[in-house]
Amino acid sequence: MSTTSAPPSTAVTPPYPAADPLWYKDAVIYELHPRAFNDSNGDGIGDFPGLLQKLDYVQDLGVTAVWLLPFYPSPLKDGGYDISDYTGINPSYGTLNDFRELLEQAHRRNLRVITELVINHTSDQHPWFQEARSSRDNPRRNWYVWSDTDDRYRGVRIIFKDTELSNWSWDPISKSYYWHRFFGHQPDLNFDNPEVREEMWKVMQFWAEMGVDGFRVDAVPYLVEREGTSCENLPETHEVVKFLRRRLDEKYPTRFLLAEANQWPADVRPYFGDGDEFHMAFHFPLMPRMFMAVKLEDRKPIIDILQQTPDIPENCQWGIFLRNHDELTLEMVSDEERDYMYDMYALDSGARLNLGIRRRLAPLMENDRRRLELMNGMLMSLPGSPVLYYGDEIGMGDNIFLGDRNGVRTPMQWSGGWNAGFSVADPERLYLPLLSNPVYGYQTVNVEAQRRSDHSLLSWMKRLIRVRKSSRAFSRGRIEFLQPRNHRVFAYIRETGNERVLVVNNLSRAAQAVELDLRTFEGYIPVEMFGGNPFPRIGRLPYLLTLGPYHFYWFRLRRL
Amino acid sequence: MAEESFLSDDFVSQLTAVGEVDILVGLPTLNNRDTVQRVVNAIIVGLVKYYPRERCALINPDGGSKDGTTEAVQAASIPDFRAVLASNPLRTMHVVSAQYPGVRGQNEALRMLFAAADLLGAKACALFSPDLESLTPEWLDAMVRPVLKDGHDFVAPVYQRRRFDGLLVKNVLHPLIRAAYGYQVEEPVGREAAFSGRLAAYFLGDESRREDFPGLGAHVWMTTAAMAGGFRVCQAFLGPRVAASKRSALDLNTTIQEIGGSLFRCMEIQQAYWTSRQGCEQVPTFGFQPVLDLDPLRIDRRRMYQMFRTGVDQLESVLEKILSPATLQAIGEISKAEERHFRFPDDLWAKTIYEFASSYHHSAINRDHLLQALTPLYRGRVSSFILENAGAEAEEVERKLDLLRQDYERLKPYLVEAWNRQT
């Protein structure tokens, strides 16, 4: 019987001081896939030694944490989210020792490492499932959710609507149905079974012991099923989370849990519990509304959703992002909003997938540098820890013809040379083809070229991250929206302790004038944070600013 | 010396915040607190329902209301859009209130709207009355869509009227404008209107806008200026129009002063256009025409007849200066008819109107007096019309009105000749 083995002998201890337990609140997270980042052995697939070679780049970018997409043994039918061994390393990416070395080197660079914890389901190739399906009285049988009929949990929505007809699939071996919220090859684990919970804790312990700093927990809302419910966000699911959190806090108090719960803010809020469930959760509904706001040239969608966002416990944080390895999800928008997003951002129906848009940031912004800067500027200044998706810092494009979400998972473009500097393999061997069109191809968009220019997107992103990290008002401050009459201008104050930052974004493609009511800050001097130039002192009258198209300001408000 | 701006700094500041728009809705007000909130809400729901993606603003020029009208406009809100429309607005909706300068009423309000439309680059503008009780969100769509989606420049409303309602329109304005300007527009002085951004800019720059058109006269000017300017004109069905403030029969003198006088003045301004205009075209009509059987309007026909006879008798010396001897004689003869046999024939009525228009143009007498003299004759025509159509079905009434329009058209050379006659 296969169970999780004992933790590896050599634990990698973070070299940095036992650390602020709230470090994740100040984090700038860089999401990458080992497969896509750098190939060290010329097999066409990125790997940990390759990633290790590029760790200086990640550090130089200024991010403080790396989130690694699944790197476990897997049939790779769902980008590695179909795990067949929770404590192994997919041989394509290296060995446990390679991973241990990566942790060591990352920590030396003050980079935290966050890994995936895909606990809702396994691959159907996982030995647990193979055992469970082998006979109805197998001890593992109850590790999954089985039924003799496919009419249990009727009405529960199907997430992958484009490919799945039901949440039940027929298992011809044990002649019964198994439950899956995602693909049919990803049977859901049964968290009503205490053995499953214990096993998952062992998995976490395995990686935490090695030195992993946090876990991004996949598909959280779906852990438990109950008849007559949506099978999402159930109280029993929260019990599972509390159980794992309690264990983690007891043994690894500075590690953290990040929830993937694609839900409305009010439904995500319970996942923070009383500060005893997740440390961080992604704010999914915010992301599409940032895109919507820029297209509508109206701050309303962003303010609406942030005003609907409940307060969270002091020790918790939102995770915010523009793009990630999945489609730009449109589950948490109204029908009208979804239609609008499709019409504005995915006129080509090939860009649509499930309830979303499978595109990267740069193509969504039509490669408009000003809009890219504005979007990143908002990402770095709104409440939450920002997550950057690899390649977006250089404006990489996508290829919607690669099927599923592979179009946004193409190899990192390091240079204009052979295979974009990603691999020395024959181009045909690459796990996915490189982008080669004249606009987004690696000859045009690559790290090497952008490193040479202080004005490249990459250089600008580094500055942006540096400035973001210069004030805790961004990472820990409260937000207060200003409501100037001009709806095209999105302005807010971030404030914590003595630090105050005024952010003014022009969401419009045209220049705008705006009068801000800053009487509360009468006497303060706004100092523009990128150049350090002081602006006129704030008085009693409305503070007049003009902004160029898609321009934004960050002002440190100083009392001198 | 630079011309002083008629837009206040505050208004400009508010417009700056609104920025470029696709649709601008104008809502001029003056002491309409009791009705205006419902109108604002209907407009906002209409915008959100039919134009969720367009950039919209509602501009409320106010004449200095003392009853809290602008506060009511600003306070109007839809607490729960989802309950009304099953969706929420995508965009910010700006509602701008500003007081217009001077005492020229509707003219100044319109001037502000034209300026706002021009400044904000509006593609379509719509104008609604603040006392409308029958306004639904659908009205907004009916008016705006022909401009925004079909490239029309001016949309006149078509109301569903009760029998014997709108007789001034049916007997004077519609047939006269149809014959003179060559457009078959049912309601040339509708209180509602829609126009394109380019027409708003034209209105703003048109010198004739500076004329002091009283009351509804500004609407006559808009309609005829759009026609004379060669803009694409159409009309849209709206349904029955119910407003809180209704003009009583006692206002007839004023109404004729406002509407008749404005039309005659517009004909002077635009004479180069209409005197050379040939033929008459049907304008496109948008929307769904509901079939409703509305009760006829009650009019005291006998009193109208008596006032006609008294007027003809007492105003003979005035009418002599306005009408040709033949027309005056014919009117004199019909005024002697017994009430039950009384008829004001279509061709005689058309000639009468044409001679009043020409005399107005030639300033045969003081223009106000001239218009006052038209009132009793109009009463005679109304009395005759009601008598003729007392038992008629709607189709029969329409057929008879068509005959009247034909007479107007047939006699247009008579109008042109009289208009151009040297005095």
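Procedures and definitions
- Residues numbered from 1 in each chain as written.
- Chains lettered and ligands numbered in written order.
- Predicted model: local features only at pLDDT ≥ 70, side-chain atom pairs only at ≥ 80, totals over all residues.
- pLDDT = per-residue confidence, 0-100.
- Buried ≥ 20, exposed ≤ 12 C-beta atoms within 10 Å, placed from the backbone.
- Helix = DSSP H or I, 4+ residues; strand = E, 2+ residues; numbered from the N terminus.
- Contact = placed C-beta atoms within 7 Å.
- Nonpolar A, V, L, I, M, F, W, Y, C, P; charged D, E, K, R; others polar.
- Axes fitted to C-alpha atoms, helices over the stretch in contact; angles between N-to-C directions.
- Left-handed = near helix turned anticlockwise from the far one by under 90°.
- Core = buried A, V, L, I, M, F, W, Y, C linked by C-beta atoms within 7 Å.

We now examine the confidence of the model for chain B. Interpretation of this model should avoid reading the predicted coordinates in detail wherever pLDDT is low. When the pLDDT values of chain B are averaged, the result is 90; 95% of them are 70 or greater. In the model output, the complex is listed with pTM 0.84 alongside ipTM 0.72.

A few words on helix 8 (residues 197-205) of chain B. All of the buried residues along helix 8 of chain B are Gly197(B), Leu199(B), Ala200(B), Tyr202(B) and Phe203(B). Contacts made by the buried residues of helix 8 of chain B are with helix 5 (106-120), strand 4 (124-127), strand 5 (154-160), strand 7 (193-196) and helix 9 (217-228) of chain B.

To continue, consider the interface of chain A and chain B. Contacts between the two partners involve 14 residues from chain A and, on the opposite side, 11 residues from chain B. Contributing elements (two or more residues each) for the side of chain A that touches chain B: helix 10 (300-307) and helix 11 (335-345) of chain A. Tallying contributions element by element places helix 11 of chain A first for the side of chain A that touches chain B, with three residues. For the side of chain A that touches chain B, a count of residues per class yields five nonpolar, three polar and six charged.

Next up on the list: unusual backbone geometry. In this structure, Asn367(A) is a non-glycine residue whose phi angle is positive, near 60 degrees. Among the secondary structure elements, Asn367(A) is positioned in the loop between helix 12 (361-364) and helix 13 (369-381). Taking the C-beta count within 10 Å as the criterion, Asn367(A) has 16 such neighbours and is therefore assigned partly exposed. Positive phi values are uncommon outside glycine, yet Ser363(B) reaches one of about 50 degrees. Secondary-structure assignment places Ser363(B) in the loop between helix 15 (346-361) and helix 16 (367-388).

This brings us to the packing of helix 12 (residues 301-314) of chain B against helix 16 of chain B. Residue and element names in this part refer to chain B. Packing of helix 12 against helix 16 brings their axes to within 8 Å, and their N-to-C directions diverge by 145 degrees. Where helix 12 crosses over helix 16, the handedness of that crossing is left-handed. Of the residues in helix 16, those in contact with Arg301, Met304, Tyr305, Met307, Phe308, Gly311 and Val312 of helix 12 are Pro376, Leu377, Arg379, Gly380, Val382, Ser383, Ile386 and Leu387.

Judged by nonpolar contacts, the single largest core of 166 residues is most densely connected at Tyr30(A), Val66(A), Ala259(A), Ala281(A), Met290(A) and Met375(A). Examining the composition of this core, we find that eight residues originate from one element, helix 9 (residues 286-296) of chain A, more than from any other. Sequence-distant contacts of Tyr30(A), defined by excluding residues within four places in its chain, comprise Val58(A), Leu61(A), Val63(A), Ala65(A), Val66(A), Trp67(A), Leu388(A) and Tyr390(A). Among the nonpolar cores identified, the runner-up in size contains 123 residues, and Ala72(B), Val312(B), Ala357(B) and Ala373(B) belong to it.

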